[in-house]
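Chain residues, written in single-letter form:
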Amino acid sequence: MKKVFKTHFDKVTRLLLLTFTLLILLSYMPEISWRDTVLGSYTIKKINLTSEIKKERLNSSPALLDNMIDTIIGSQRVASTVSESLLEDEVSETNKEAVKANQSETLDKNLLSVRFEDYSTTNDLSRLVSSLKNIEKSDSPMRIAFLGDSFIEADILTADVRSLLQSNYGGKGVGFIPITSPASKYRYTIDHTFDGWKAYSMVNYKEADWKYLTLPGFYYVPSEKATMSIKNKKIGKEQTTCRSAKLLFINEKNTEINVRVNEGEVQTFTPPSSPRMQSVDLTGDIYSVDFSFKNVAGFVGFGTVLDDRKGVYVDNYSVRGSSGVVLSTVDQLLSNDFDSIVHSDVIVLQYGLNVAAAHITNYSYYKRTMVRVIDKLRGYFPNTCFIIMGVGDRAMKDDANRYETMPEIIAMVGVQREIAKEAKCIFWDTFMAMGGRNSMATYVSHNPPLAHKDYTHINHAGGKKIANAFVSSLLNEVERIDDTPRTDTR
Amino acid sequence: MWQQEISSILHLLKYDPLQPLMFNSGFFIYFFVVVILGYNFIKNDIKLRSLYLMLVSFFFYYKSSGVFLAILIYIILSDFLIARKMSSCSDSKIKKQWLLLSLVTNIGMLCYFKYTNFFLGSMSELFGGGFQPFDIVLPVGISFFTFQSMSYSIDVYKGKIQPLNNPINYAFYVSFFPQLVAGPIVRARDFIPQITRPTLVTDQMIGKGVFLIISGLFKKVVISDYISVNFVDRIFDAPNLYSGFENLMGVYGYALQIYCDFSGYSDMAIGIALLLGFHFCINFDSPYQSASITEFWRRWHISLSSWLKDYLYISLGGNRKGNIRTYVNLMLTMLLGGLWHGASVVFIIWGAWHGLLLALDKLRMKYIQPCARSNMRQFITRVANTVITFHLVCIGWIFFRSDSLNTALQILTQIGNGINSALIPQFAAGYTGVLSLIIIGYVLHALPKRCEEFASQLLAKQNISTLAIIISIFVLIIIQVRSSEIMPFIYFRF
């Protein structure tokens, strides 16, 4: 037999046939893995020549979402201790609701428009929408605070929510800007430079002093040479200005604050010593502020708020690495002070990225903690309504080397909806707004790309798309309260 | 039951724009095994061999570019006929016109597909903008096979080779699948003599072929793809989000990535051709070991740079028209060489940068004579020159890779703003995989040629079973890296 093989097939052919046979055999080998050894844990990924061949192109139509979620969760490597069938049921129940909630929209218009789901007992959504509608008649501005993680860092998404709302309802100014920020050069909206500050974040809560923590999530301690400058970027030829700039700080001793507005004369402020939060208010047609300080002992800076008197403002309070759980560290007194100086009508919580980790689908601890966090914040900010913005899509490579939605994300979306229900606030499904399953992969391969190649973070262009969806859902609600009350179609 | 299997196999044979055929895809393994099986039976019949490989290559091109197979066939027919006309022609004027027709056809095709949007877009920018780019799909490998076909026409025109009588042989030469899609650009005078020689695959060739295929795959999948997805791409996407040190590492990473990507694919092409009994010239010769830019261009993408030298630089006059003209020719050649890589201003800047460096190097060699030195000093000088040359090349890569001039300047600014050495341990901890691969890559690159030859010889001596096992283990390793999860973003304080 071997002789026949050798005479009819030359060396190269025999080599390739043998290699091919070996590879096929290897794809049937049992899974080899080792866990918790000196070298760590590892599972050998198998050669799967046939997976390249099989083409499973599932259509991502929203109506099939039910089936797909069950399929994904059923077929994935879930390494949790909670009984799988229980989790599947929970998750698919809540996601079935998501589909129902959105179905009337998909019937109304051809676009997938994601509705705000109001689980509050105090009609938060209608109240929010009414005040938005009446903003022009009102003398005080409306503020929406986005608390999030690196997903919205560098003003991603919030910049576009801001400009859309401001073009509809008025308002000028980027709102809150922290004293320093690692992503400051990435912001498109302002030129922000700083030097000589030490930053403390709520994520490093062991190092930070909790009495200085509130919504912004950071506080900054200056050295004698500390400086901070903000300049509004020109949009085309237009130099945008705003009418008010407030520096927020605590002055425990006798710090002197020097500021130049619009590169003009230096103004000096010597605020009274106090352990409470204070502000230095500058007014006029402001496009740039430059701060420097003397006698910095006992001084703690938070940030600057740039706005106008009327209109809508969107503040971005993002903290890299935060899961939302660390919001339990915020200080009550400081929060009250903060609320009286910069009152937020809406707080949007955009978290989940740093929680939805591979192989974990049991988020009951996270759920309990977040419900407690929201209850606590509700107490500190009594006149504020809360919106939970669900986690966005995130993709990982599957066995056939394609980028697919992590099943843990789908579980997380379900959990966040439940948090909204239990904490009685509003929920908005970011995952659906992106396009649902595998939308992150679409974002990355889009031309121009809408997300970074880590398949986790969107970029400014992607943020704009999601912002459009967010604001149009909001505007739809505004239109809806104009109509006569309709019967519940659910 | 078999219906589905049969229909999915048939579906596989169809062109799928979302999964074009490449050497590192699963389908290619099946393809190559089937090709070799058939080849085994016909390889001793020279005529049949050309026909078979031509058909196989056409199918390969169809699987990578679909309907653009027609363009390939058109170029082949056109240049085949033109070459015949040229050689039977005695009037040099008419001969020149035929050559012009060939050049215009090839360059015209290339320009239409590759540069229309770029050209029209740039023009419209000058006049106020508002140009909407056309949806022109680029046929895969068009930059390579047009250049290859032109080398044939020009060589026939100059009388350096005789035109082929058999169109199948010519079609085989242009379309031969290992080099069709990403080079090397094979010269007619190097390949055509091989078309009529009997098939001979020695153990040496098998050893070298297997070595090149394995090392090519390793370079492309394990090094290049991994460090690009998990690191380099992110830096170039948003340089301002990263510190100077990370940007610098991104540049070093890219220099390695592009070398591994390009040379890996070339190596696989050369290796596959060897297994079929054909010899291609080496395309990359450890270019980062160069101690000068001139040397770099003798070691980097050799088939392209020698094509540009022989057919563009020399045709423009080379160094035979006086000093100034020499430098002009040099610059022009490099600018066009840059543009060949892609339709964007960053490629032109890259070409100009290398043109400038080459010109300066030429001046240096003219006026600065090396003096006799001790061995140690010579060695140190060479190492210093290598490091300098490498960094000059890296500066070029910043422009080459950036999606816009703006991005390139951002990277240079970030690096220029200083390198914070405190970040290095953090970086090493956060990007262990990427850093290890970068170090491994450069160390392997620095090894002398003897090591490659030693490995090839070693493989040549093995029997088939051992070789098959070695290849399978390699494939297993490659799969581990290829399917690995994407590393998450790492953030550092800076």
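Calculation criteria
Residues numbered from 1 in each chain as written. Chains lettered and ligands numbered in written order. Predicted model: local features only at pLDDT ≥ 70, side-chain atom pairs only at ≥ 80, totals over all residues. Heavy atoms only, no water. Helix = DSSP H or I, 4+ residues; strand = E, 2+ residues; numbered from the N terminus. Rg over C-alpha atoms; globule rule 2.2 N^0.38 Å. Buried < 20%, exposed > 50% of the residue type's maximum accessible area, 1.4 Å probe, protein only. Contact = heavy atoms within 4.5 Å. Core = buried A, V, L, I, M, F, W, Y, C linked by side-chain atoms within 4.5 Å. Axes fitted to C-alpha atoms, helices over the stretch in contact; angles between N-to-C directions. Parallel < 35°, antiparallel > 145°, perpendicular 65-115°, else oblique. Left-handed = near helix turned anticlockwise from the far one by under 90°. Nonpolar A, V, L, I, M, F, W, Y, C, P; charged D, E, K, R; others polar. Phe/Tyr/Trp six-rings, centres within 6.5 Å; stacked < 30°, edge-to-face > 60°. Lys NZ or Arg CZ within 6 Å of the ring centre and 35° of its normal. Patch = residues over 30% accessible without salt bridge, like charges linked within 9 Å, V, L, I, M, F, W, Y side chains within 5 Å. Areas by Shrake-Rupley, 256 points an atom, 1.4 Å probe, with all protein chains shown as cover. Salt bridge = Lys/Arg side-chain N within 4 Å of Asp/Glu carboxyl O. Lys, Arg positive; Asp, Glu negative; His and termini not counted. Charge placed at Lys NZ, Arg CZ, Asp CG, Glu CD. Pairing = 2+ DSSP bridges. Disulfide = S-S within 2.5 Å. Expected span 1.5 Å × (residues − 1). Polar contact = N/O pair within 3.5 Å; in protein donor to acceptor, adjacent residues only side chain to side chain.

Draft legend 1. Layout of the overall build of chain B. Counting its regular elements, chain B contains 21 helices and zero strands. In terms of overall size, chain B behaves like a compact globule, its C-alpha atoms giving a radius of gyration of 24 Å where 494 residues would be expected to give roughly 23 Å. Each of the three principal axes of chain B carries a C-alpha extent, and together these read 65 × 65 × 60 Å. Here chain B holds 494 residues, and the buried ones make up 53% of them. Counting contacts in chain B only where the partners sit at least 6 residues apart, residues at least 24 apart contribute 77% of the total.

Draft legend 2. Summary view of the nonpolar core. In this structure, Tyr152, Phe176, Phe177, Tyr288, Trp300 and Trp397 of chain B are the most contacted members of the largest nonpolar core, which totals 157 residues. Top element by residues in this core is helix α11 (residues 244-275) of chain B. It accounts for 20 residues. In terms of nonpolar packing, the next biggest core, distinct from the first, is built from 56 residues, Tyr317, Val371, Phe386 and Met396 of chain A among them.

Draft legend 3. Main features of the packing of helix α10 (residues 203-237) of chain B against α11 of chain B. All names here are of chain B. Orientation of α10 relative to α11, taken along the N-to-C sense of each, is 155°, at an axis distance of 6 Å. Classified by the angle their axes make, α10 and α11 are roughly antiparallel. As for how α10 packs across α11, the hand of that crossing is left-handed. Residues of the contact of α10 with α11, tallied by class, amount to 22 nonpolar, twelve polar and six charged.

Draft legend 4. View of the packing of aromatic side chains. All names here are of chain B. Evaluated as defined, the whole model comprises 67 aromatic pairs over all chains. With a centroid separation of 5.8 Å and an interplanar angle of 10°, the aromatic rings of Phe28 and Phe32 are classed as stacked. One end of the pair is Phe28 and the other is Phe32, both in helix α2 (residues 26-42) and four residues apart, which spans about a single turn. The class for Phe28 is buried, based on a relative accessible area of 6%. Since its relative accessible area comes to 6%, Phe32 is described here as buried. With a centroid separation of 6.4 Å and an interplanar angle of 20°, the aromatic rings of Tyr288 and Phe296 are classed as stacked. The exposure class of Tyr288 is buried, given its relative accessible area of 8%. Over the ring of Tyr157 we find Lys95, and its NZ or CZ is 5.9 Å from the ring centre. If you follow Lys114 out to its NZ or CZ, it ends over the ring of Trp340, 5.4 Å from the centre.

Draft legend 5. Local environment of a positive patch on the surface. Side chains of Lys158, Lys160, Arg320, Lys321 and Arg325 of chain B sit close together on the surface and give a patch of like positive charge. Mapping Lys160 of chain B onto the fold places it in the loop between α6 (142-157) and α7 (167-175).

Draft legend 6. Layout of the sheet that holds strand β4 (residues 142-148) of chain A. Residues and elements named next belong to chain A. With mixed pairing, six strands are arranged side by side in an open sheet as β3-β21-β18-β17-β4-β16. Since the sheet does not close on itself, it has two edges, and those belong to β3 (117-118) and β16 (312-318), each with one partner. Pairing of strand β17 (residues 346-350) with strand β18 (residues 385-389) involves five bridges; the strand directions are parallel. Across the sheet, residue Ile347 finds its bridge partner in β18, namely Phe386. Docked against the sheet, helix α9 (residues 407-423) engages β3, β18 and β21 (426-428), running at close to 160° with respect to β21.

Draft legend 7. Looking closely at the state of the cysteines. This structure, assessed with the given rule, holds zero disulfides over all chains. With no disulfide of its own, Cys451 of chain B lies 16 Å from the sulfur of Cys260 of chain B, the closest cysteine sulfur.

Draft legend 8. Main features of helix α3 (residues 46-65) of chain B. All names here are of chain B. Between its terminal C-alpha atoms α3 stretches 28 Å, which fits the 28 Å expected from 20 residues at 1.5 Å a residue. Listed as buried for α3 are Arg49, Ser50, Leu53, Met54, Val56, Ser57, Phe58, Phe60, Tyr61, Lys63, Ser64 and Ser65. The residue sitting at the N-terminus of α3 and contributing the capping side-chain oxygen is Asp45; that oxygen lies 3.1 Å from the backbone nitrogen of Lys47. Looking at the residues trailing α3, positive phi occurs at Gly66, about 65°.

Draft legend 9. Examining the pairing of strand β10 (residues 242-251) of chain A more closely. Residue and element names in this part refer to chain A. The element β10 is largely enclosed, with a buried count of nine among its ten residues. Examined bridge by bridge, β10 and strand β13 (residues 277-286) share eight bridges and lie antiparallel to one another. By the bridge assignment, Phe249 is partnered in β13 with Gln278. Taken together, the eight bridges between β10 and strand β15 (residues 299-307) define a ladder with antiparallel strand orientation. Paired with Lys246 across the two strands is Val305, which belongs to β15.

Draft legend 10. Spatial organisation of the pattern of salt bridges. Tallying each qualifying case throughout the model produces 28 salt bridges over all chains. Between Lys220 of chain B and Asp225 of chain B there is a salt bridge; the shortest N-O distance is 3.2 Å. A salt bridge links Asp361 of chain B to Arg364 of chain B; the nearest nitrogen and oxygen atoms lie 2.8 Å apart. Pair noted here: Asp361 of chain B and Arg364 of chain B are both in helix α15 (residues 345-367), with a separation of three residues, about one helical turn. Given a relative accessible area of 37%, Arg364 of chain B falls into the partly exposed group. Salt bridges linked by common partners bring Arg115, Glu477 and Arg480 of chain A together as one network.

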